[in-house]
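# Structure assessment
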Amino acid sequence: MKVTGLNIHPLKSGRAIPQTVVMVNVDGLAGDRRFMVVEPDGRFITQRELQALAQVEAAHIDGGVRLKMNGNELSVRFDPDRRLDVRVWSSDVDAALADDAANDVLSGWFGRPVKLVHMDQQAERFVGAEWAGVAAPVGFADGFPILVTTTGSLADLNRTLVEKGQEPVGMERFRTNILIDCNDPWEEDWWESLEIAGIAFDLVKPCARCIMTTQDQLTGERVGGNPIQGLGEKRMSADRRVAGVLFGWNAVPRGEGTVKLGDEATVIRRRSERWPMKMRNAN
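Residues numbered from 1 in each chain as written. Predicted model: local features only at pLDDT ≥ 70, side-chain atom pairs only at ≥ 80, totals over all residues. Heavy atoms only, no water.

With that settled, the discussion passes to the UniProt feature "domain: MOSC" (unreviewed entry) in the protein chain. Per the UniProt record, "domain: MOSC" (unreviewed entry) is annotated on residues 120-268. The distance from the first to the last C-alpha atom of residues 120-268 is 33 Å, and the span holds 17% helix and 32% strand. (UniProt positions renumbered as here; feature names shortened; annotations may be inferred. Helix = DSSP H or I, 4+ residues; strand = E, 2+ residues; numbered from the N terminus.)

Next up, the structure:
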């Protein structure tokens with residue numbers, strides 16, 4: 001098996017930026033989900049409620065980020081002494097806050113009051129101790145540092161969608177970090193740990209999928225095939241700890257280094273039992 005896709009999402013819920021080589025840190029891929037749009041009170045915002053975030057392309061610059069949306073461009077640098085307490089699900093983070101002028105521009109882009117924050121070197125967030133053994137450091141990702149998916153699972157999902165008279169979807173709908181070329185669909189359910197470029201990645205929790213998978217990742221529109229309906233055929237979790245339909249696995253890196261496209265991915269530890277599913281249409 002080989003790595004056939006690498007992506008970072010500098011802005012949480014913004015566009016994916018494909019990479020040919022990435023630096024893996026203990027808190028995820030370098031540059032992934034380090035910036036976030038929030039409500040004025042600090043609550044995080046995603047494409048779930050603000051679909052236009054899909055139209056924003058973000059790139060790191062010295063001391064901040066450059067944002068582009070519909071021909072508009074904004075460069076933001078952060079003062080480390082200007083802070084805002086923000087909340088991502090159940091996590092509270094002391095994040096760097098953009099200046100008022102930048103926040104006003106973004107509010108104009110989206111037609112509602114918002115603020116931009118940065119997970120800088122002063123900010124800390126730890127999650128997932130009950131799944132990872134110890135709490136894992138992470139940026140503004142929903143739950144874990146890295147998301148791993150496979151080509152075979154997407155192919156199987158698309159077969160189901162076509163059978164249901166729907167359009168196939170691309171992997172961009174699932175906002176993966178590391179894509180593995182594996183012909184066997186859902187084989188990743190058996191993987192407890194992978195090694196890529198000498199780095200171990202523990203696959204600690206399956207990823208429950210939401211309405212964002214139904215949205216075009218260039219426009220934010222809810223168009224085309226509906227992965228939620230397709231996944232409901234074979235990928236409805238039977239374990240209450242992770243409810244809903246599942247696609248991909250959340251992973252925690254156990255080291256640091258560089259991963260590039262074409263690197264071999266080797267399973268170094270397998271599970272004794274597969275994650276239980278409610279199989280409505282088993283093969």
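Okay, back to it.
The next point concerns the sheet that holds strand β16 (residues 191-196). Read from one edge of the open sheet, eight strands run β2-β1-β15-β14-β19-β17-β16-β21, paired in mixed fashion. Edge strands, defined here as strands with exactly one partner in the open sheet, are β2 (17-18) and β21 (265-270). Bridge analysis of strand β1 (residues 2-8) against β2 gives two bridges, and the strand direction is antiparallel. Among the inter-strand pairings, Asn 7 is bridged to a residue of β2, identified as Pro 18. (Pairing = 2+ DSSP bridges.)

Before going further, it helps to spend a moment on unusual backbone geometry. Unlike most non-glycine residues, Arg 33 shows phi in positive territory, near 55°. The backbone phi angle of Asn 70 is positive, close to 50°, even though this residue is not glycine. Structurally, Asn 70 is set in the loop between β7 (64-69) and β8 (72-77).

A few words on the layout of surface pockets. Here the largest pocket is characterised by a volume of approximately 810 Å³. At the level of elements, β12 (126-127), α2 (129-132), β14 (146-150) and β17 (199-208) are the ones that each hand at least two residues to the lining of the largest pocket. Examining the composition of the lining of the largest pocket, we find that four residues originate from one element, β17, more than from any other. Each residue belonging to the lining of the largest pocket can be placed in one class, and the counts come to 18 nonpolar, nine polar and 11 charged. Roughly 280 Å³ of volume is contained in the second largest pocket. In this structure, the second largest pocket is lined by 13 residues; those nearest its centre are Asp 27, Arg 34, Asp 120, Gln 121 and Ala 123. (1 Å grid on protein atoms, 1.4 Å probe; cavity = no way out; pocket = protein on both sides within 12 Å on 5 of 7 lines; lining within 4 Å. Points joined across faces, edges and corners; volume = space filled by probe spheres on them. Nonpolar A, V, L, I, M, F, W, Y, C, P; charged D, E, K, R; others polar.)

Once that is clear, we can look at helix α4 (residues 227-234). Burial analysis of α4 places six of its eight residues in the buried class, the great majority of the element. Among all positions in α4, only Pro 227, Gly 230, Leu 231, Gly 232, Glu 233 and Lys 234 are buried. (Buried < 20%, exposed > 50% of the residue type's maximum accessible area, 1.4 Å probe, protein only.)

Another aspect to go through is the pairing of strand β10 (residues 91-97). Burial runs high along β10: five of the seven residues are buried. When strand β9 (residues 83-88) meets β10, the two strands line up antiparallel, connected through six bridges. What sits directly across from Val 88, in β10, is Ser 91. Between β9 and β10, which pair antiparallel in sequence order, lie two residues; one of them, Trp 89, sits at a positive phi of approximately 50°. Pairing between β10 and strand β11 (residues 115-118): two bridges, direction antiparallel. When the sheet's bridge partners are listed, Ala 96 is paired in β11 with His 118.

Turning next to the pattern of salt bridges. With the rule as written, the count across this model stands at 23 salt bridges. In this structure, the salt-bridge partner of Arg 34 is Asp 27, at a minimum N-O distance of 3.2 Å. Taking the relative accessible area as the measure of exposure, Asp 27 reaches 24% and is therefore partly exposed. The partner of Arg 112 in a salt bridge is Glu 39, with the nearest N and O atoms 2.7 Å apart. Placement of Arg 112 in the loop between α1 (100-110) and β11 and of Glu 39 in the loop between β5 (35-38) and β6 (57-61) is noted, with a sequence separation of 73 residues between them. Classification of Glu 39 as buried rests on a relative accessible area of 17%. Each member of the salt-bridge network shares a partner with another, and the members are Glu 192, Asp 202, Arg 254 and Arg 269. (Salt bridge = Lys/Arg side-chain N within 4 Å of Asp/Glu carboxyl O.)

Turning our eyes to something else, we now look at the state of the cysteines. Under the defined criterion, the tally for this structure stands at zero disulfides. Summary of cysteine pairing: Cys 207 is not part of a disulfide, and the nearest cysteine sulfur, belonging to Cys 210, is at 8.2 Å. (Disulfide = S-S within 2.5 Å.)

This part takes up the environment of Thr 149. Structurally, Thr 149 is set in strand β14. Separated by 27 residues in the primary sequence, Thr 149 and Thr 176 have C-alpha atoms spaced 6.4 Å apart. Every residue in contact with Thr 149, bar those within four places of it in the chain, is listed here: Met 171, Thr 176, Ile 178, Leu 179, Ile 180, Phe 247 and Gly 248. Looking at Thr 149, its side chain comes within polar contact range of the side chain of Thr 176, at 3.0 Å. (Contact = heavy atoms within 4.5 Å. Polar contact = N/O pair within 3.5 Å; in protein donor to acceptor, adjacent residues only side chain to side chain.)

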